[in-house]
Amino acid sequence: MDAVKILLVEDDRIIASLVKKYLDIRGYAVNHAEDGVEGMKEYDKADYDLIIMDVMMPHKDGYTLAEEIRAKDPYIPILFMSSNNLPKDKIKAFRIGADDYVTKPVNVEELLLRIEVILKRQKSEPKVEVGNEDDPHQINIGNYILDFPYQKLSIGEDTRKLTTREAELLRFLHRHRNTLIKREYILQEVWGDDDYYKGRSLDVFMSRLRKYLKDDPTIEILNVHGIGFKFLVQD
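Note that this is a predicted model, so its numbers are computed, not measured.

The rules behind each value
- Residues numbered from 1 in each chain as written.
- Predicted model: local features only at pLDDT ≥ 70, side-chain atom pairs only at ≥ 80, totals over all residues.
- Heavy atoms only, no water.
- Pairing = 2+ DSSP bridges.
- Helix = DSSP H or I, 4+ residues; strand = E, 2+ residues; numbered from the N terminus.
- Right-handed = clockwise from strand over helix to strand, strands pointing away.
- Axes fitted to C-alpha atoms, helices over the stretch in contact; angles between N-to-C directions.
- Contact = heavy atoms within 4.5 Å.
- Domains from an automatic or database assignment.
- Buried area = accessible area lost by both parts, 1.4 Å probe.
- Parallel < 35°, antiparallel > 145°, perpendicular 65-115°, else oblique.
- Left-handed = near helix turned anticlockwise from the far one by under 90°.
- Nonpolar A, V, L, I, M, F, W, Y, C, P; charged D, E, K, R; others polar.
- Expected span 1.5 Å × (residues − 1).
- Buried < 20%, exposed > 50% of the residue type's maximum accessible area, 1.4 Å probe, protein only.
- Polar contact = N/O pair within 3.5 Å; in protein donor to acceptor, adjacent residues only side chain to side chain.

Focus: the pairing of strand β5 (residues 100–103)
- The pairing of strand β4 (residues 78–82) with β5 spans four bridges and is parallel. If you follow Ser-82 over to β5, its bridge partner there is Thr-103.
- Following the chain from β4 across helix α4 (residues 87–96) to the adjacent parallel β5, one finds a crossover that is right-handed.

See the structure below:
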């Protein structure tokens, strides 16, 4: 079995060396880039299974790099590793489509566990080949159609491109439609854990999905205070 390929984009050479050392020991194949520009070049050279990146870097910051990579590949997991620990920084990362966010100083054991969770979740959601007309991931949600592999939400002639997280969350809600879903369960299944900041991010994503689905009155996302959400769809 080929080793999991990880691209590490980090301008602090000491941190990069430490993280790379531990990942190498665990059997991961790691390439290191020292800034966002170099990171993009390295990304274009090979097929990676995961990208770990800092936020504040010379030449090109991590947010910009993540947006550029997301435009090319909506599937590849992205984990931010940054000293920026304010809620607004984490929320911005998740809005871009980050799969996780770890603050510095980095606890390497925690980082390794988070990587394992991301890769396990990625493996359990295999990509669907483009052009498959019998694509089981094309989901009817009321009057909308969610094309999960392409991350597109359509109603009539209107089509909206979703982020990876938006598509995953909407598909999850549809699978559990018309039932009460606890916040903790959503965070564990879609984000990988129920961290406080990811809970704040969940509220942002729910608000956005409400806006995206507003043209179908048969769909409603209810917030059950202190418990979770109900995704109501009249089948």
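A word on the sheet that holds strand β11 (residues 219–224)
- Pairing is antiparallel in the open sheet, where three strands are placed in the order β10-β12-β11. Of all the strands in the sheet, the pair left with one neighbour each is β10 (180–182) and β11. Averaged over all pairs of adjacent strands, the angle between strand axes in this sheet comes to 25°, irrespective of strand direction.
- Set on the sheet, helix α7 (residues 183–191) makes contact with β10 and β12 (228–233); between it and β10 the angle comes to about 65°.

Digging into the domain arrangement of the chain
- When cut into domains, the chain gives domain 1 (5–123) and domain 2 (163–233).
- With centres defined by C-alpha atoms, the gap from domain 1 to domain 2 works out at 25 Å.
- With 16 residues of domain 1 in contact, the opposing surface of domain 2 contributes 15 residues.
- When domain 1 packs against domain 2, the two sides together hide about 1300 Å² of surface, and 50% of this comes from carbon and sulfur.

With respect to unusual backbone geometry
- The amide bond that connects Lys-104 to the next residue, Pro-105, takes the cis arrangement and shows omega of 0°.
- Locating Pro-105 in the fold gives a position in the loop between β5 and α5 (108–124).
- A positive phi angle, near 60°, is found at Asn-178, a position not held by glycine.
- By the element assignment, Asn-178 lies in the loop between α6 (164–175) and β10.

Focus: the packing of α6 against α7
- Between α6 and α7, the shortest axis-to-axis distance is 10 Å and the interhelical angle comes to 130°. As the angle between them shows, α6 and α7 are arranged oblique. Between α6 and α7 lies a crossing whose hand is right-handed. Along the contact surface, α6 presents Arg-165, Glu-168, Leu-169 and Phe-172, while α7 presents Tyr-185, Ile-186, Glu-189, Val-190 and Trp-191.
- Class assignment of the residues belonging to the contact of α6 with α7 gives a composition of six nonpolar, no polar and three charged.

Re α6
- For α6, spanning 12 residues, the distance from its first C-alpha to its last is 17 Å, which sits close to the expected 16 Å at 1.5 Å a residue.
- Summarising burial for α6: 11 of the 12 residues are buried, a large majority.
- Those residues of α6 not exposed but buried are Thr-164, Arg-165, Glu-166, Ala-167, Glu-168, Leu-169, Leu-170, Arg-171, Phe-172, Leu-173 and His-174.

Concerning the environment of Thr-218
- Within the secondary structure, Thr-218 sits in the loop between α8 (196–212) and β11.
- Taking the C-alpha atoms as reference, Thr-218 lies 15 Å from Thr-179; in sequence the two are 39 residues apart.
- Within the local environment of Thr-218, its side chain forms a polar contact with the side chain of Asp-216, the two groups lying 2.6 Å apart.

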